[in-house]
Amino acid sequence: MAKRPNVSAGVLLFRRTSGGLELFLAHPGGPFWEGRDANAWTIPKGVVEPEEDQLAAARREFEEETGIHLEGPFIPLGSVRQKAGKTVHAWACEGDADPARVTSNTMTTEWPRGSGRRITFPEVDRCAWFDPRTARQKINAAQSELIDRLETALGSRHQALGTGS
């Protein structure tokens, strides 16, 4: 059975600091993304294998692309559909990570397209922490909805615990 290339799963890592909420985003590697910034960043994510549990795929892909193993708990954020038609299923997880220590798997592709030349590069060339406002400018436009959903989930949780206004 073939992979489902239009279905991905990923994790939005977040932390709460004295300055507020911060989100951990990944910048795709390779020549296509080189020099791109606005709307280029993403949650670490990847293709869901046939018969694979979506959360298991999200956790696997996060670890493959960052070298970071997440234990959870995981907050379901639902799915979004990106402009090119890919559906991304996402979860959030609270934790911390040092962007300087990120290690990504590699991928090989033909570049430039049609040239017959194959190049290998990291799937993710860097990661960084961003406040929600900056993250919305950096992240793939469709994925910005995941930030809204996380903020709603955290706001609701704080109110339920009596720690929010």
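This text follows the structure it describes.
Overview of the structure. (Residues numbered from 1 in each chain as written. Predicted model: local features only at pLDDT ≥ 70, side-chain atom pairs only at ≥ 80, totals over all residues. Heavy atoms only, no water.)

What to know about the overall build of the chain
Next up, step 1: Scanning the chain for helices and strands turns up three helices and eight strands.
Next up, step 2: Reading the helices (α) and strands (β) of the chain from amino to carboxyl end gives β-β-β-α-β-β-β-β-β-α-α.
Next up, step 3: In summary, the chain has a C-alpha radius of gyration of 16 Å against a globular reference of 15 Å for 165 residues, a match within 12%.
Next up, step 4: Once the C-alpha set of the chain is aligned to its principal axes, its extents read approximately 60 × 35 × 30 Å.
Next up, step 5: The buried share among the 165 residues of the chain stands at 41%.
Next up, step 6: Restricting the contact set of the chain to residue pairs at least 6 apart, pairs at least 24 apart contribute 66%.
Next up, step 7: Working note: accessible area of the chain is about 9,000 Å², and carbon and sulfur atoms make up 49% of it.
Next up, step 8: Charged side chains of the chain number 21 positive and 22 negative; the gap between the two group centres comes to 5 Å. (Helix = DSSP H or I, 4+ residues; strand = E, 2+ residues; numbered from the N terminus. Rg over C-alpha atoms; globule rule 2.2 N^0.38 Å. Buried < 20%, exposed > 50% of the residue type's maximum accessible area, 1.4 Å probe, protein only. Contact = heavy atoms within 4.5 Å. Areas by Shrake-Rupley, 256 points an atom, 1.4 Å probe, with all protein chains shown as cover. Lys, Arg positive; Asp, Glu negative; His and termini not counted. Charge placed at Lys NZ, Arg CZ, Asp CG, Glu CD.)

Regarding unusual backbone geometry
Trans is the common state for peptide bonds, and a negative phi is the common state for residues other than glycine.
Next up, step 1: In the segment running from glycine 72 into proline 73, the intervening peptide bond is cis, with an omega of 5°.
Next up, step 2: Tryptophan 111 connects to proline 112 through a cis peptide bond whose omega is -10°.
Next up, step 3: Mapped onto the secondary structure, proline 112 falls in the loop between β6 (106-110) and β7 (118-122).
Next up, step 4: For asparagine 39, which is not a glycine, the phi torsion comes out positive at approximately 60°.
Next up, step 5: In this fold, asparagine 39 is placed in the loop between β2 (20-28) and β3 (45-47).

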